[in-house]
Amino acid sequence: MRKFNINVNGKAYAVEVEEVLDGGQVVVSAPKAAVAPTPKAAVSAPVAGNGEPVNAPMPGLVKKLAFANGATVKKGDTIIILEAMKMDTPVSAPKDGVITYSTSEGTNVDTGAVLCTIA
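Residues numbered from 1 in each chain as written. Predicted model: local features only at pLDDT ≥ 70, side-chain atom pairs only at ≥ 80, totals over all residues. Heavy atoms only, no water.

### Digging into the overall build of the protein chain
Along its length, the protein chain carries 0 helices and 11 strands. Going residue by residue from the N terminus, the α and β elements of the protein chain occur as β-β-β-β-β-β-β-β-β-β-β. Sorting the 119 residues of the protein chain into buried and exposed places 25% on the buried side. Taking contacts inside the protein chain between residues at least 6 apart in sequence as the whole, the part at least 24 apart equals 51%. When the accessible surface of the protein chain is split by element, carbon and sulfur atoms take 56% of a total near 7,900 Å². (Helix = DSSP H or I, 4+ residues; strand = E, 2+ residues; numbered from the N terminus. Buried < 20%, exposed > 50% of the residue type's maximum accessible area, 1.4 Å probe, protein only. Contact = heavy atoms within 4.5 Å. Areas by Shrake-Rupley, 256 points an atom, 1.4 Å probe, with all protein chains shown as cover.)

Here you go:
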């Protein structure tokens, strides 16, 4: 029997899972009791610099940062490529300015996470 803490829609559950190797069913016991929510891992580094934040439109993997920190971008430029469900989604600059990323390639982000600021 292996024990796991699972978070579903913000609720934490303690579950036990038994692996059956002889072709039988895997048995999952009902949640015993809710456990205190565990703190989420940071999905992005603190925002550096002032400016308009650019938030993740969906959860996904930061596949590519299209510019270097401090680069000048124009409104509509693709600044980040997010991968979700094996599809690449471009994130565009909402305005002209200097970009400061607050995430890095290979980071998983949640919806609404600040990806960068543009000042």
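### Regarding the sheet that holds strand S6 (residues 72–73)
On the basis of which strands lie adjacent, the open sheet formed by 4 strands has the order S4-S11-S9-S6 and antiparallel pairing. For this open sheet the edge positions go to strand S4 (52–55) and S6, each flanked by a neighbour on one side alone. Of the pairings in the sheet, the one linking S4 to strand S11 (residues 114–118) comprises 4 bridges and is antiparallel in character. Bridged to Pro-53 within S11 is Thr-117. (Pairing = 2+ DSSP bridges.)

### A word on the nonpolar core
Ile-79, Ile-80 and Ile-99 are the most contacted members of the largest nonpolar core, which has 18 residues in total. Broken down by secondary-structure element, the contributors of at least two residues to this core are strand S5 (60–65), strand S7 (78–84), strand S9 (97–101) and S11. (Core = buried A, V, L, I, M, F, W, Y, C linked by side-chain atoms within 4.5 Å.)

### Points about unusual backbone geometry
What is expected of a backbone is that most residues other than glycine have negative phi and most peptide bonds are trans. Positive phi, normally seen in glycine, also occurs at Met-85, with a value near 55°. Here Met-85 shows up in the loop between S7 and strand S8 (87–92). One non-glycine residue, Lys-86, lies in the positive phi region at around 65°. In this structure, Lys-86 sits in the loop between S7 and S8.

### Brief notes about the sheet that holds S8
With antiparallel pairing, 4 strands are arranged side by side in an open sheet as S8-S7-S5-S10. Two strands in the sheet have a free side with no partner beyond their single neighbour: S8 and strand S10 (108–109). Taken together, the 4 bridges between S5 and S7 define a ladder with antiparallel strand orientation. Bridge assignment links Leu-61 to a residue of S7, and that residue is Glu-83.

### Quick look at the pairing of strand S1 (residues 2–8)
When S1 meets strand S2 (residues 11–18), the two strands line up antiparallel, connected through 7 bridges. Among the inter-strand pairings, Val-8 is bridged to a residue of S2, identified as Lys-11. Count of turn residues in the S1/S2 antiparallel hairpin: 2 residues, of which Asn-9 carries a positive phi of about 50°.

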